[in-house]
Amino acid sequence: MPDQSCCVCQNALKEDLKFNQFLGTEGTDHRCRICIHCGLIQRSLLPAPDEPTEGLLYGEYTAGDNSANRRSLMRLDLIRQLLPENGLMLDVGAGSGAFVKEARHQGLSAYGIEMLPQDGVCEWLVNHDISKAPFLIDGRTFEVINLNHVLEHVSDPIPFLKGILASLSDSGTLIVEVPNEVRALSIRIKQVLGKKSNSKTAFLDHRLFFERRSLINCLEKVGFQVIKASTPRVCYRNGFIHESFDQFQSLIGQGNVLEILARKHNL
Ligand SMILES: [Zn+2]
C-alpha cells in the first residue's frame, strides 16, 4: 500500500484530480497526490516501463543537444563565480559525467556521484548514494553542489537532501534546478496544446512535481536557507508546441524550470 503522507512534511495527501486527468493516471497505482500543507505533488509508485501512458512535458532535455549544452555552460559560469580558489565542486546525479568532465576541462576541481551504475567510473566519477552517507574528498566538503534535474526523481527527498547538506561546506552553495510545475496553469496550457503530441517524455519517471513554494519548503525542512529563487526559461528545441508553451510561460514571468541557490541556515 503506497504511503499516504507527504514525504517532506508528513501531512495528509489527497488525490490531485486535475493533474491525474492530464497525465491519464486516474485510479491507477501510480496516480499523483498533493500535500494539503506544502502543495508538493508526489507519487509513491512509477508506471511500469511497458505501460502505455500519455503526457507532455519537457521532452528529452538531457539529450545533450546544443541548447542543453548552452545551458550547461551557463551553469558552469555560475559555479565559477561561486567557487572560491581551490574550492571543490560536486555534481550529484552526474549520469555519464559529461558535465563534470567539461568542468574539469575548464580547470575546476569537479567531482560527480551517481546512484545508478555507470560505465566510465573513475577517480572523479563515483557510484555513491548520498542519502546513506555524506560524500567527501579526502575529508573535505564541497563549496558548490550542483543538483540538476535530479530531485524530481528522488522518492525520499529528506534523507537525500540531508546527505547533501552534510557534504556541503559551511559557507558553500547548493544549486538546484527542477522542472517548474506551475500547476493549474501548466495543466491547462498543455491540454490546449495537445497532450498526445509527445508521449515519450522524461516526465514518466518523475516522482515529485515542484513549484516554487513546495521546493523552498522542501529545502528549508532540512536546514537550507534559500538565497535566490528564479524561474528562467530554458529552450530545449523540441518543436513548435514546446517552444510556444515555453514562450507563454516566459511572458507571464514563469519559465519552464525552477532554479534555486541555497546555503546552510544561520551561517
Ligand atoms: Zn507536504
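Counting restarts for each chain, with residues numbered from 1 along the sequence as it is written. Reporting of local features is limited, given that this is a predicted model, to residues whose pLDDT is at least 70; pairs of side-chain atoms are given and counted only at 80 or more, and all residues count toward the totals for whole chains, interfaces and linings.

Comments concerning the sheet that holds strand E5 (residues 109-114)
Rules: When DSSP locates at least two bridges between a pair of strands, those strands are taken to pair. Numbering of helices and strands starts at the N terminus; helices are DSSP runs of H or I of at least 4 residues and strands are runs of E of at least 2. To get an axis, a line is fitted to the C-alpha atoms, and for a helix only the part in contact is used. The angle between two axes follows their N-to-C directions and goes from 0 to 180 degrees. Distance between backbone-placed C-beta atoms decides contact: two residues are in contact if it is within 7 Å.
Read across the open sheet, the seven strands follow the order E6-E5-E4-E7-E8-E11-E10; overall the sheet is mixed. Looking at the sheet topology across the chains shown, the edges are occupied by strand E6 (125-127) and strand E10 (224-230). Strand-to-strand twist in this sheet, taken as the mean axis angle between neighbours without regard to direction, amounts to 20°. Looking at chain direction, strand E7 (residues 142-148) and strand E8 (residues 168-179) are connected through six bridges and run parallel. Its bridge partner being in E8, Val144 is matched across the sheet by Thr173. With respect to the sheet, helix H6 (residues 212-221) is in contact with E8, E10 and strand E11 (257-264), its orientation differing from that of E10 by roughly 155°.

Focus on helix H3 (residues 98-105)
Which entries qualify depends on this criterion: To sort residues by burial, count the other C-beta atoms lying within 10 Å of each one's C-beta; a count of 20 or more means buried, 12 or fewer means exposed, and anything in between means partly exposed. C-beta atoms are built from the backbone. In this description, one arc is meant: the one made by directions from the helix axis to the C-beta atoms.
Of all the positions in H3, only Phe99, Val100 and Ala103 are classed as buried. The buried residues of H3 occupy one face: seen down the axis, they fall within an arc of 100°. A positive backbone phi angle near 95° is found at Gly107, which sits one or two residues after H3.

Some words on the environment of Glu26
Along the chain, Glu26 falls in the loop between helix H1 (17-23) and strand E2 (33-35). According to the C-beta neighbour criterion, Glu26 is partly exposed, with 13 such atoms within 10 Å. Taking the C-alpha atoms as reference points, Glu26 and Asp16, ten residues apart in sequence, are found 9.0 Å from one another. With sequence-adjacent residues up to four places away left out, Glu26 is seen in contact with Asn20, Gln21 and Arg31.

Re H6
Working note: α-helix, 3.6 residues per turn, so residues spaced by three or four point in the same direction. Looking only at H6, the buried set comprises Ser214, Leu215, Cys218 and Leu219. For H6, the angular spread of buried residues about the axis comes to 135°, placing them on one side. As for H6, its buried residues are in contact with helix H4 (157-167), E8, E10 and E11. Immediately beyond the C-terminal end of H6, within one or two residues, lies Gly223, with a positive phi of roughly 105°.

Overview of unusual backbone geometry
The residue Gln10 is not glycine, and still its phi comes out positive at about 65°. With respect to the helices and strands, the residue Gln10 is situated in the segment before strand E1 (13-15). Taking the C-beta count within 10 Å as the criterion, Gln10 has 11 such neighbours and is therefore assigned exposed. Phi is positive for Asp138, close to 50°, though the residue is something other than glycine. Residue Asp138 is classed as exposed on the basis of its 5 C-beta neighbours within 10 Å.

A few points about the pairing of E11
Here is the key point about a regular strand: its side chains alternate between the two faces of the sheet. Relative to E11, E8 runs antiparallel, the two sharing six bridges. Within the sheet, the bridge partner assigned to Val178 lies in E11 and is Leu258. Relative to E11, E10 runs antiparallel, the two being bridged by six bridges. Paired with Val226 across the bridge in E11 is Ala262.

Quick notes on the confidence of the model for the chain
In plain terms, the rule: pLDDT measures the predictor's confidence residue by residue and takes values from 0 up to 100.
Looking at the chain as a whole, its pLDDT mean stands at 81, while 74% of the residues score no less than 70. Element-level mean pLDDT values for the chain span from 59 in helix H5 (residues 183-193) up to 98 in H4. Low pLDDT, under 50, characterises residues 54-67; the predicted model gives this stretch 44 contacts beyond four residues in sequence or across chains.

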